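Observations on the three-dimensional arrangement
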There are 4 protein chains.
Amino acid sequence: MIITLKKDALQNEIDLLIDELEKLGIIVNLIQGNNFNVLGLVGDTSKVDEQRLKAYEWIKDVTRIAAPYKLANRMFHPEDTIVDVSGIKVGGNNPIVIIGGPCAVEGLEPIISVANKVKDAGGVMLRGGAYKPRTSPYAFQGMGYEGILAMKEASNKTKLPIVSELMSADKIDEFVENVDLIQIGARNMQNFDLLKAVGKINKPILLKRGLSATIEEWIMSAEYIMAAGNPNVILCERGIRTFEKYTRNTLDLAVIPIIKERTHLPIIIDPSHAAGDYKLIESISLAAIAAGADGLIIEVHENPSCAWSDGAQSLKPEKFKTLIEKAKKVANAVDREIL
Amino acid sequence: MIITLKKDALQNEIDLLIDELEKLGIIVNLIQGNNFNVLGLVGDTSKVDEQRLKAYEWIKDVTRIAAPYKLANRMFHPEDTIVDVSGIKVGGNNPIVIIGGPCAVEGLEPIISVANKVKDAGGVMLRGGAYKPRTSPYAFQGMGYEGILAMKEASNKTKLPIVSELMSADKIDEFVENVDLIQIGARNMQNFDLLKAVGKINKPILLKRGLSATIEEWIMSAEYIMAAGNPNVILCERGIRTFEKYTRNTLDLAVIPIIKERTHLPIIIDPSHAAGDYKLIESISLAAIAAGADGLIIEVHENPSCAWSDGAQSLKPEKFKTLIEKAKKVANAVDREIL
Amino acid sequence: MIITLKKDALQNEIDLLIDELEKLGIIVNLIQGNNFNVLGLVGDTSKVDEQRLKAYEWIKDVTRIAAPYKLANRMFHPEDTIVDVSGIKVGGNNPIVIIGGPCAVEGLEPIISVANKVKDAGGVMLRGGAYKPRTSPYAFQGMGYEGILAMKEASNKTKLPIVSELMSADKIDEFVENVDLIQIGARNMQNFDLLKAVGKINKPILLKRGLSATIEEWIMSAEYIMAAGNPNVILCERGIRTFEKYTRNTLDLAVIPIIKERTHLPIIIDPSHAAGDYKLIESISLAAIAAGADGLIIEVHENPSCAWSDGAQSLKPEKFKTLIEKAKKVANAVDREIL
Amino acid sequence: MIITLKKDALQNEIDLLIDELEKLGIIVNLIQGNNFNVLGLVGDTSKVDEQRLKAYEWIKDVTRIAAPYKLANRMFHPEDTIVDVSGIKVGGNNPIVIIGGPCAVEGLEPIISVANKVKDAGGVMLRGGAYKPRTSPYAFQGMGYEGILAMKEASNKTKLPIVSELMSADKIDEFVENVDLIQIGARNMQNFDLLKAVGKINKPILLKRGLSATIEEWIMSAEYIMAAGNPNVILCERGIRTFEKYTRNTLDLAVIPIIKERTHLPIIIDPSHAAGDYKLIESISLAAIAAGADGLIIEVHENPSCAWSDGAQSLKPEKFKTLIEKAKKVANAVDREIL
């Protein structure tokens, strides 16, 4: 950590601060500059609060050099984390997983029917929302527990593990019992109580990036889950909010090499929420594979114009099948396989 | 609602859609254009899902004309909502309220001490976090229930109503019993389960705008609370996330006239989180008053460089006092008063 | 175009507006709604100014249905535009072009040397800046005309066509004489005088997307060039400005299918400026190919840590060569070829 | 400047770099850390290129401590710059200037008429565009030189100095001869050739902030003008591009205290382009005054719904007059005056 001091800082105030830092076991080096002086801190600065330091009137700025995350940091954990989702291994050199299914579960028969189509097309997990975060209180809020049970039944019939979003810690037992991969949605990425709650279970977690979360904040949210005891985190990019309005969000594919460089966690891509438009899905899905993604999670609906939510961005099963066939070729081109 | 149809749309498909819409009690008008045709929908279109319509391959676009919110909409509720916070009236032509206090409660004595300073300076409510949303799991997470009790004690001694952030629905009883104005933080603005939970109580709610929430999404989150039965919502702008890095967030003061035009709810401004730098607070606070804000919520700490969180953006009590004195003059200049 | 009228609009004012619109040859349809009335305009509304209409106090909103661009619009020009750059065909089903070279020309010998390396690696055009847009007036501003002549000499020796950025219309003759593909940089995307100037020549133009330009604004800037008489426009995405700071910009690859759907122009990708970090280039370049890009333009420098500008994002020639080899495989996987 | 080195950096490579830096007259201090080493550079680092340093594979990061601007930097020029616009002094403790006028000049008679209204209302300068940057090539592009002459005539009749936008260096003589305050528009804020050109004249320049320019980039553009020899720069905030769509741009009023802290230049606010909606102008104008702005530049049109451009955001003269009256009260409340 680097602390920049204004030239008018009083020596006794600086000395007090240095004393305090040294008591934390930190070694402090002073560099005298022309317009500013600089304190270089060596040691574990994770306990030092930048905001507090910035409150001194004689401190101009504080710059952190080491990343604020430890458990997720590849520097301290060089090998890839492999997350096991009911037998399917995600991350490392494992085959790429493609997950399909509707935005929302709409009933037992529809979810079984689409699950079969997802499986026939080559999908290896089934997604489906039973609890739905909707901008409007007047929109369909999901089938709830009944939806979870329908997903479970579809899983029993197809042997596809299931992915579903948990919105509230009070439903956690229901999810632990029935869901194979528990999703924390973009809007809850900094719902820290929920992160702590899923950190205490041993199910794999799919952590979506928040709409305007920096990559660092996103990794810090993974760190919350890991620090609470659950190392089984898969990250999922789903587009960030920008000024552009031709797409629902702007998909940030550079996160793939960045996450792989800075962390050891698997990363998958959700092209459906990023694009918001089914016509764009295939193109950006192939891009994600080429960039090195460990998986894709795609909305699939048998009749998108009748979907209870997110119809505009859902693929029909036949298009999903075509996409997987093309994805296999691209995966091979970058020396990987689709599971 | 306006539905734009591609010219190659098949008449029987259009007819099926029109039938379906008419069954919802909607009147459909067709306009034939050169390159597109348009369906103009008249009636209550709040039940029509835009995303679903966009899934038709022969539909080019869907545009909503009426706002998606009703209870918060000034069109259907022209008079200002006045929210009563333990006797202090917020909104309408009532005097502007200035709320002060530390980011985080740090103990019984400190909170009582700063509460007295806030009161002496002219503040009329006390803010303080007992449960803290922190980006890092290694940062101070708040004193929890003990902090709430300390706030309550400070309130008893000073007669200042208290404002504190609720992060999880399982603490709601504790807040209903002790807190006068329950804050929903920016990171939880779309934690819909939490919104529904505070919609079922009759305490006033301070709803902060999310970091990248549009004004419409923010109003929709107020609508969630109101639709669940609680009309006592105060909106709070605290800056949005942009590319600019000299400030922590970008304060969007145009929301003040916009919120007053489109809704009937009170709106207050949080300059502390917007700026992230104590040196900017006074200037943007006065701007907020001039723009018509119904209140300010400002971080005040007796010794910012010792604050357990957000020291950089906290004002010392004497600066807070100066700010209130200046605010009074600006309020008078725009024909309002500071409480 | 759809004009939404407030219910209190006076009939005689509406009638005056309708008269005026009908004089422009536009047919106006009125739909009576519950809370608003709507005018649906049929005909060529490109002459109608939305901003002017919004100035009426009784008009609530104005929504454009048809895209504001015509010459670039695929609706009116379904076949792909193929741009010929000194014999290299760009766009349509033509092979993908990969352009390499330094950010800035640094002398005759260095540019000839790197040009040979670019060619050996498989690059088919040479990029290099002679006039450099730099944020700081104290940074190297480019070699100017001397740099252009050095590029030309490198082109003579290698037979690679050259790409260079034109910053000011007064240098246009110099560029027409020497440069094969004239780049308009991101910072000048809305320098409309410059767009008009390059619209009057018949050299191909590489139009970069502005840092915060919407896709629509970017197409409108292409429209400027085309409306002035030059149809030879290649679009180039180079990342947009967002809140994220781990990358220099956020690369928006969804533009590839969007540009191909809405326009008939070729689109190439600049991963170097998007990423700002050489370690990310390969991954996002392969993604761009998989998404359907017609080309890549990549910064290559023999000794990046000695580059006079943008060293951090430059590839060494051997890495550029590896990238092209991998790109060939990905191109084949999506049924295309690298030239 | 702080250079963070990876632990695997080779000593001889570091030594070479240190040698090179010392040749530039820079003193280099080494701090050994646990996971990284740090070089602290003392001296004039404005010649050191961060991007070049980042290209070394063994350098993790480079952080600049001193601001990259010098001439605009208050640290080296503590007193306020006062810019004299044909006798009107802008900046420092001088009275606040309010500038009014149409977006575009629409003819001699209209501009004289509105100039009189602007003057009667209390405006002290006249704005008006003769060369207009328009997103669409089919929109009105301005009257050109005829417009400039009309402005000049209006100035002669009213004695109001005039402000108009220069879009291209080839019109500079025309502007020097006729215009009192030459505006560089948001879209040209990084048209560096234009900045250099206006740096060579001695007329005052009004430099608008770019749509997505950081405050630092904006100051650097002022630095370009100043470095070329013209110290008479007034900065103008006009809103930045964000995800929010209820306003045309997001007005960033925190720039006022920031610009005053970091630079010595005057700053004025353009609420019209920020808001894009006349109903918001008064509120945010008063906010700007309260925040400490040195002036306002506001679009005024006698008949906004007939304006040739930007009608939606233009005030009628009577509303402009009311605004100025209210602005006087707010100015007094913050111990300033309106000229």
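Scroll up to find the structure this text is about.
Heads up: these notes are all about the structure in this document. Values in this document were obtained by computation on a predicted structure and should not be read as measured data.

Description of the packing of aromatic side chains
A complete count under the given rule lists 12 aromatic pairs over all chains for this structure. Plain terms: the ring middles of B:Tyr131 and B:Phe175 are 5.9 Å apart, the flat faces sit at 35° to each other, and that makes the pair tilted. Linking B:Tyr131 in the loop between strand E8 (125–127) and helix H4 (145–158) with B:Phe175 in helix H5 (residues 172–178), this pair joins segments that are 44 residues apart in sequence. Comparing B:Tyr131 with B:Phe175 shows no difference in burial state: the two are buried. On the basis of an interplanar angle of 25° and a centroid distance of 4.7 Å, the ring pair of D:Phe192 and D:Tyr224 is categorised as stacked.

Focus: the interface of chain B and chain A
Taken residue by residue, the interface counts 48 residues in chain B and 48 residues in chain A. For the pair chain B and chain A, the two sides together bury roughly 4,200 Å², of which 50% comes from carbon and sulfur. Joining chain B to chain A, the criterion identifies four salt bridges. Of the charged contacts, one joins B:Arg241 and A:Glu217 as a salt bridge, the two residues approaching to 2.6 Å between their closest N and O atoms. Breaking the side of chain B that touches chain A down by element, the ones donating at least two residues are helix H2 (50–54), helix H6 (192–199) and helix H7 (215–227) of chain B. Take the side of chain B that touches chain A: its biggest share by element is five residues, from H7(B). Across the side of chain B that touches chain A, the residue classes break down as 20 nonpolar, 13 polar and 15 charged.

Quick word on the interface of chain B and chain C
Across the boundary between the two partners, chain B contributes 23 residues, which contact 23 residues of chain C. Taken over both partners, the interface formed by chain B and chain C buries close to 1,800 Å², and the fraction arising from carbon and sulfur atoms is 75%. When the buried surface of chain B facing chain C is broken down by residue, B:Ile31, B:Ile65 and B:Phe243 rank first, second and third, together holding 30% of it. At the boundary of chain B with chain C, the tally comes to zero salt bridges. Along the contact surface separating chain B from chain C lie four residue pairs in polar contact (both at pLDDT 80 or more). Going through the elements one at a time, strand E1 (2–6), strand E2 (27–32), strand E3 (36–42) and strand E4 (59–63) of chain B are the ones with two or more residues in the side of chain B that touches chain C. At four residues, the largest contribution of residues to the side of chain B that touches chain C is made by E3(B). Split by residue class, the side of chain B that touches chain C holds 10 nonpolar, 10 polar and three charged.

A closer look at helix H11 (residues 317–333) of chain B
Spanning 17 residues, H11(B) covers 25 Å between terminal C-alpha atoms, matching the ideal 24 Å at 1.5 Å per step. Listed as buried for H11(B) are B:Pro317, B:Phe320, B:Leu323, B:Ile324, B:Ala327, B:Val330, B:Ala331 and B:Ala333. Along H11(B), the residues classed as buried sweep out an arc of 165° about the axis, all on the same side. At its buried positions, H11(B) is contacted by strand E7 (97–101), helix H3 (108–121), helix H10 (278–291) and strand E14 (295–299) of chain B together with helix H10 (278–291) and helix H11 (317–333) of chain D. Looking one or two residues past H11(B), B:Asp335 carries a phi angle of roughly 60°, positive in sign.

Quick look at the sheet that holds E8(B)
In a beta sheet, neighbouring strands are held together by backbone hydrogen bonds and run either parallel or antiparallel to one another. Residue and element names in this part refer to chain B. Pairing is parallel in the closed barrel, where eight strands are placed in the order E7-E8-E9-E10-E11-E12-E13-E14. Strand-to-strand twist of the sheet, defined as the mean angle between neighbouring strand axes without regard to direction, takes the value 25°. Where strand E11 (residues 205–208) and strand E12 (residues 233–237) come together, four bridges link them in parallel fashion. Each residue of the ladder has a partner; that of Ile 205, found in E12, is Val 233. Sheet strands touched by H10: strand E13 (267–269) and E14. Its angle to E14, the strand with the most contacts, is close to 165°.

The rules behind each value
- Residues numbered from 1 in each chain as written.
- Chains lettered and ligands numbered in written order.
- Predicted model: local features only at pLDDT ≥ 70, side-chain atom pairs only at ≥ 80, totals over all residues.
- Heavy atoms only, no water.
- Phe/Tyr/Trp six-rings, centres within 6.5 Å; stacked < 30°, edge-to-face > 60°.
- Helix = DSSP H or I, 4+ residues; strand = E, 2+ residues; numbered from the N terminus.
- Buried < 20%, exposed > 50% of the residue type's maximum accessible area, 1.4 Å probe, protein only.
- Contact = heavy atoms within 4.5 Å.
- Buried area = accessible area lost by both parts, 1.4 Å probe.
- Salt bridge = Lys/Arg side-chain N within 4 Å of Asp/Glu carboxyl O.
- Nonpolar A, V, L, I, M, F, W, Y, C, P; charged D, E, K, R; others polar.
- Polar contact = N/O pair within 3.5 Å; in protein donor to acceptor, adjacent residues only side chain to side chain.
- Expected span 1.5 Å × (residues − 1).
- Arc of directions from axis to C-beta.
- Pairing = 2+ DSSP bridges.
- Axes fitted to C-alpha atoms, helices over the stretch in contact; angles between N-to-C directions.

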